[in-house]
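Remarks on the overall topology
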Amino acid sequence: MKKMSRNVLLQMEEEEDDDDGDIGDVPASRPFLTPHTHLPSSLVLENLGQTIISDLGSLESQQDFRTPEFEEFNGKSDSLFFNDGQRRIDFVLVYEDESRKETNKKGTNEKQRRKRQAYESNLICHGLQLEATRSVLDDKLVFVKVHAPWEVLCTYAEVMHIKLPLKPNDLKNRSSAFGTLNWFTKVLSVDESIIKPEQEFFTAPFEKNRMNDFYIVDRDSFFNPATRSRIVYFILSRVKYQVINNVSKFGINRLVNSGIYKAAFPLHDCKFRHQSEDPSCPNERYLLYREWAHPRSIYKKQPLDLIRKYYGEKIGIYFAWLGYYTQMLLLAAVVGVACFLYGYLNQDNCTWSKEVCHPDIGGKIIMCPQCDKHCPFWKLNITCESSKKLCIFDSFGTLVFAVFMGVWVTLFLEFWKRRQAELEYEWDTVELQQEEQARPEYEARCTHIVINEITQEEERIPFTAWGKCLRITLCASAVLFWILLIIASVIGIIVYRLSVFIVFSTQLKNLNGTDPIQKYLTPQTATSITASIISFIIIMILNTIYERVAIMITNFELPRTQTDYENSLTMKMFLFQFVNYYSSCFYIAFFKGKFVGYPGDPVYWLGKYRNEECDPGGCLLELTTQLTIIMGGKAIWNNIQEVLLPWIMNLIGRFHRVSGSEKITPRWEQDYHLQPMGKLGLFYEYLEMIIQFGFVTLFVASFPLAPLLALVNNILEIRVDAWKLTTQFRRLVPEKAQDIGAWQPIMQGIAILAVVTNAMIIAFTSDMIPRLVYYWSFSVPPYGNHTSYTMDGYINNTLSIFKVIDFKNKSMGNPYSEQGNHTTCRYRDFRYPPGHPQEYKHNIYYWHVIAAKLAFIIVMEHLIYSVKFFISYAIPDVSKRTKSKIQREKYLTQKLLRENHLKDMTKNMGVIAERMIEAVDNNLRPKSE
């Protein structure tokens, strides 16, 4: 390796920056990082920025670069070490040798080569050790293996406040991870002889000057591979490589985005199908595939501890949450299926459906046209099939299920908080927020100096209070613009529904009422299905565009930590997705058919399109159809994206490499040909599940089978995600996480809103309240003619009468004069008949129904909210047992550190005393002699 006595930073004052514009700049005249603490480790952070700035101003002399050693592949395909077999590979950087590129743009390639050489030289200057090896299959590719020696690991473990073992801990009970020993849970649990439980330790933030306090049995295993990768990535993200206009460029992410490096990733420890030939390899990837990702393990609990150890706490907490959510869905699915079966088995007793289908009742009721001129009169009994289906979903079981789901969602959220607190204790992330470092992109922009109100010392911030307000305003305006764009698309779908309904009515009007097509495909049904499909397509297109916009907005906002960044992006994305996915459902549930007027005086959209009416059975069935299409289509689309695309890409890659398949390839080259998982890959997994959570809770009153579909999807989702991570993707950089972040308050908001939406669906979308009002008030005197409470005559009572000659058309008179000799027709509303003193005004039935609906909403909301708040109060977020364990461990840790400190002081005092006695003896000895 070529040596030099100083570090290198390319000075390119006149060149254009060819990077992709990501935030990665820092003024060259100041330290790269300004620590927020005054620990000794802060000096290391400042040095990370200061030492790499060199006074070299020329690019001509390459002898100043410290370059990695080039070594030939030694033929050991499973090796995780440098060629010497001693230094472990903690990270791999991949680049394409510019001198061997087929399209060699000399100037551009030379710039890229020098940036890379400066970067690698500075990595070496910061203590990392590099070894380069050419690809076995493609000699243009070069793999730079990175190793962090002991001193570097210790230094940056202190900088990053990483907690490390002090001594074995016998307090923790890990039964939650592997289940109890009874026969049932033992079948569902992972075999402990295959995946052994991790040994637990008391831990504390690492300090180099107290190294003797830590449990260091073997230096090679003290830092596990996940921790080593985290530390190396921390360094890679902050090392500089170039100066442009007195601004430094830094970080591996920027180099990868600009194409200087092809990839950067930590290594998997072995192949997923076979164990490693190296006896020292733990084969954790193989164990995860066998006991977690393989289809035969679909019924087993997840090995959360091993997931956390291999992929980090951030991945671990996601799968813990998804598994817990899926378990809770089992109860909701059972109750939902029971309510569905109740409706299905009692559909033959549905009196109002019988009246719709009866040839002497529904067959003789002539309904008014639902659009102008082109729509015909139609008989009520053509909606017979839809009314039968509606009986299944619009039943008393729906009300029971809506109330149950209001309680279920509260139980789920409260018990998850307790489970999350247990994981924080077990995974040692209780005080994580105090340990989290600022993002390098944030640190790069810290140019303004202010006085800290607490410490009264100077610190750097990226912008002033005015600048922060300006950024927040611009970001909020951009998000609001996109939400309005979604609302505009929803209005477009509504206009489509209004216009295409005329077409379907015209095409289907000449079919006989007994024709099989018209029997199942009414104009309303055809309009609903096509509009739902178009809505789904628009949702996916806008979703793809907005993802990029949301990332740009969040980058501009510049959150301080990675957690803050993800929470900010989460809120932006969810607000957009909420409107995107749920707007069509809200329209069908609460707006469609509610403001239509009556046949003689209809309401028009934009003065042109007549407002859309519900089927005589109501809009509930249409809402069910919409939910089924969106949930089903979304699940299929996500599976295509998550499973088929990575698999096909890897298959294509293997096909291109088939010529060299007989060669033995090293571990790093095998991993390079896997698919990269973006930084926001886990974010999209959360988003997918939270959107599903919204469908399960917000509109469950219209579709009690939604929890069952979600349960089946999630059981497959867990294993699909596991298969994807272990077989198709490169290993992710392990990250810490204390909880699920902003998704928790989002779910709480959905849970509160779900009570309102389900109460309003039952009151305004279903026909339950009008039926109850008719049964208890209008079927018997003084309003009814029956001697006892009954549902007979309900359909006739809820359909108002309209005189055909009263149709209004300012330019053409009666537009329906050529469609038969009908004198009257019926329409869905509660209005007085023609000839009444208040003809076409709302009748007494209407006001009874409105009063009952409002009373129902108030009672249901207050009842469920009272139960929710009582449950939230009664169930503490952290169990007493977990709280005691946390306090006990903290006490014992402090006691251990204090005892070790006293031992060191005693030992040092003893040494000092011996030296003092020895000095006194030396001074007195000559006098005595």
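Calculation notes
Residues numbered from 1 in each chain as written. Predicted model: local features only at pLDDT ≥ 70, side-chain atom pairs only at ≥ 80, totals over all residues. Heavy atoms only, no water. Helix = DSSP H or I, 4+ residues; strand = E, 2+ residues; numbered from the N terminus. Contact = heavy atoms within 4.5 Å. Areas by Shrake-Rupley, 256 points an atom, 1.4 Å probe, with all protein chains shown as cover. Phe/Tyr/Trp six-rings, centres within 6.5 Å; stacked < 30°, edge-to-face > 60°. Buried < 20%, exposed > 50% of the residue type's maximum accessible area, 1.4 Å probe, protein only. Lys NZ or Arg CZ within 6 Å of the ring centre and 35° of its normal. Core = buried A, V, L, I, M, F, W, Y, C linked by side-chain atoms within 4.5 Å. Domains from an automatic or database assignment. Pairing = 2+ DSSP bridges. Disulfide = S-S within 2.5 Å. pLDDT = per-residue confidence, 0-100. Axes fitted to C-alpha atoms, helices over the stretch in contact; angles between N-to-C directions. Parallel < 35°, antiparallel > 145°, perpendicular 65-115°, else oblique. Left-handed = near helix turned anticlockwise from the far one by under 90°. Nonpolar A, V, L, I, M, F, W, Y, C, P; charged D, E, K, R; others polar. UniProt positions renumbered as here; feature names shortened; annotations may be inferred. Expected span 1.5 Å × (residues − 1). Polar contact = N/O pair within 3.5 Å; in protein donor to acceptor, adjacent residues only side chain to side chain. Salt bridge = Lys/Arg side-chain N within 4 Å of Asp/Glu carboxyl O. Patch = residues over 30% accessible without salt bridge, like charges linked within 9 Å, V, L, I, M, F, W, Y side chains within 5 Å.

Brief notes about the overall build of the protein
Counting secondary structure elements, the protein contains 29 helices and 21 strands. Across the protein, the fraction of contacts at a sequence separation of at least 24, relative to all contacts at a separation of at least 6, is 79%. Summed over its atoms, the accessible surface of the protein is roughly 43300 Å², and 58% of this surface lies on carbon and sulfur atoms.

With respect to the packing of aromatic side chains
All chains considered together, the criterion is met by 59 aromatic pairs. Both rings, one in Tyr318 and one in Tyr686, keep their centres 4.9 Å apart while their planes meet at 80°; by these two values the pair is edge-to-face. Here Tyr686 lies in helix H23 (residues 681-698) and Tyr318 lies in helix H11 (residues 313-345), a separation of 368 residues in the sequence. Residue Tyr318 shares its accessibility class with Tyr686, and that shared class is buried. Directly above the ring of Tyr310 sits Arg731, whose terminal nitrogen or CZ lies 3.8 Å from the centroid.

What about the nonpolar core?
Trp321, Trp408, Phe412 and Phe695 are the most contacted members of the largest nonpolar core, which totals 148 residues. Taken together, domain 1 (69-172 + 179-292) and domain 2 (310-433 + 592-619 + 638-657 + 701-878) each give at least three residues to this core, which thus spans both. What Trp408 contacts, discounting residues up to four positions off in sequence, is Tyr325, Met328, Leu329, Leu331, Ala332, Phe693 and Thr697.

Section: the pairing of strand S4 (residues 91-96)
The buried fraction of S4 is high, at 6 of 6 residues. Side chains of S4 alternate between two faces, with Phe91, Leu93 and Tyr95 and Val92, Val94 and Glu96 buried alike. Note: S4 against strand S6 (residues 141-147), 6 bridges, orientation antiparallel. If you follow Val92 over to S6, its bridge partner there is Lys145. When S4 meets strand S11 (residues 263-265), the two strands line up antiparallel, connected through 3 bridges. Its bridge partner lying in S11, Leu93 is registered against Ala264.

Section: the state of the cysteines
Taken as a whole and judged by the stated rule, the model has 3 disulfides. Bridging Cys357 to Cys384, the disulfide has an S-S length of 1.9 Å. With the S-S dihedral at roughly 100°, the linkage between Cys357 and Cys384 falls on the right-handed side. Here Cys357 is found in helix H12 (residues 351-357), whereas its partner Cys384 is found in helix H13 (residues 384-393), with 27 residues between them in sequence. Its relative accessible area of 13% is what places Cys384 among the buried residues.

Brief notes about the confidence of the model for the protein
Scored by pLDDT, the protein has a mean of 81; 84% of the residues are at 70 or more. In this model, residues 29-42 is a region of pLDDT below 50 whose contacts with residues beyond four sequence positions or in other chains number 34 contacts. Throughout residues 174-181 the model reports pLDDT below 50, and contacts reaching past four residues in sequence, or to other chains, amount to 21 contacts.

Brief notes about the packing of helix H14 (residues 396-426) against helix H28 (residues 844-874)
Viewed as axis vectors pointing N to C, H14 and H28 meet at an angle of 25°, and their least axial separation amounts to 9 Å. Relative to H28, the element H14 is oriented roughly parallel. Relative to H28, the crossing made by H14 is right-handed. For the pair formed by H14 and H28, the contact residues are Leu399, Ala402, Val403, Gly406, Val407, Val409, Thr410, Leu411 and Glu414 on the first element and Phe856, Met860, Ile864, Val867, Lys868, Ile871 and Ser872 on the second. Per-class residue counts for the contact of H14 with H28 are 11 nonpolar, 3 polar and 2 charged.

Focus on the UniProt feature "transmembrane region" (unreviewed entry) in the protein
Residues given the UniProt feature "transmembrane region" (unreviewed entry) here are residues 318-345, 396-416, 478-505, 525-546, 573-591, 689-712, 746-766 and 844-865. The distance separating the terminal C-alpha atoms of residues 573-591 is 25 Å; by composition the span is 95% helix and 0% strand. Summarising residues 689-712: 71% helix, 0% strand, and an end-to-end C-alpha distance of 13 Å.

What to know about unusual backbone geometry
The linkage connecting Pro781 with the following residue, Pro782, adopts the cis geometry, with an omega of 15°. Relative to the helices and strands, Pro782 is located in the loop between helix H26 (768-778) and helix H27 (794-798). We note that Tyr840 has phi near 65°; this positive angle belongs to a residue other than glycine. Mapping Tyr840 onto the fold places it in the loop between strand S21 (824-828) and H28. Given the relative accessible area of 7%, Tyr840 is considered buried.

Focus: helix H7 (residues 225-236)
For H7, which comprises 12 residues, the first-to-last C-alpha distance of 16 Å matches the rise-based estimate of 16 Å (1.5 Å per residue) to within 8%. Most of H7 is tucked away: 10 of the 12 residues are buried.

Side note on the sheet that holds S11
If you walk across this open sheet you meet the 5 strands as S3-S5-S6-S4-S11, and the pairing is mixed. In this open sheet, the two strands that pair with only one neighbour each are strand S3 (69-70) and S11. Sheet topology places strand S5 (residues 129-134) next to S6; 6 bridges connect them, and they run antiparallel. Within S6, the residue paired with Leu130 across the bridge is Val146.

Considerations on H26
The α-helix advances 3.6 residues per turn, and as a result positions three or four apart in sequence lie on the same side. All of the buried residues in H26 are Met768, Ile769, Pro770, Arg771, Val773, Tyr774 and Phe778. At its buried positions, H26 is contacted by H12, H14, helix H25 (743-765), H27 and H28.

Remarks on the side chain of Arg667
With respect to the helices, strands and loops of the structure, Arg667 is situated in helix H22 (residues 667-672). Within the structure, Arg667 has its side chain in polar contact with the side chain of Asp671 (distance 3.0 Å). Not counting chain neighbours up to four residues away, the residues in contact with Arg667 comprise Ser77, Asp78, Ser79, Leu80, Leu267, His268, Asp269, Cys270, Lys271 and Arg285.

A word on the environment of Cys270
Structurally, Cys270 can be placed in the loop between S11 and helix H9 (284-293). When its relative accessible area of 1% is taken as the criterion, Cys270 is described as buried. Taking C-alpha positions, Cys270 is 8.7 Å from Ser79, a pair spaced 191 residues apart along the chain. Beyond its immediate stretch of four places on either side in the chain, Cys270 contacts Ser276, Cys281, Asn283, Arg285, Tyr286 and Arg667.

Things to note about the pattern of salt bridges
Tallying each qualifying case throughout the model produces 32 salt bridges. In this structure, Glu291 and Arg290 form a salt bridge, with 3.3 Å as the shortest nitrogen-oxygen distance. Its relative accessible area of 3% is what places Glu291 among the buried residues. Look at Arg290 and you get partly exposed, because its relative accessible area is 27%. Of the charged contacts, one joins Lys417 and Glu414 as a salt bridge, the two residues approaching to 3.5 Å between their closest N and O atoms. Residue Lys417 and its partner Glu414 are both found in helix H14; the two are separated by 3 residues, about one turn of the helix. Classification of Lys417 as buried rests on a relative accessible area of 16%. A relative accessible area of 5% places Glu414 in the buried class.

Some remarks on a nonpolar patch on the surface
Together, Ile636, Ile640, Leu644, Leu645, Trp647, Ile648, Met649, Leu651 and Ile652 make up a nonpolar patch on the protein surface, roughly 780 Å² of accessible area in all. Position of Met649 among the secondary structure elements: in helix H21 (residues 620-656). Look at Met649 and you get partly exposed, because its relative accessible area is 45%.

As for the environment of Ser532
Inspection of the secondary structure assignment puts Ser532 in helix H19 (residues 523-557). Sequence-distant contacts of Ser532, defined by excluding residues within four places in its chain, comprise Gln626 and Ile629.

Re the packing of H11 against H23
Remark: H11 packs on H23, axes separated minimally by 11 Å, with the N-to-C direction vectors making an angle of 20°. With respect to each other, H11 and H23 are oriented roughly parallel. In this structure, H11 meets H23 at a crossing whose hand is left-handed. Across the interface between the two elements, Lys314, Ile315, Ile317, Tyr318, Trp321, Leu322, Tyr325 and Leu329 from H11 touch Leu682, Glu685, Tyr686, Met689, Ile690, Gln692, Phe693 and Val696 from H23. Residues that form the contact of H11 with H23 fall into these classes: 13 nonpolar, 1 polar and 2 charged.

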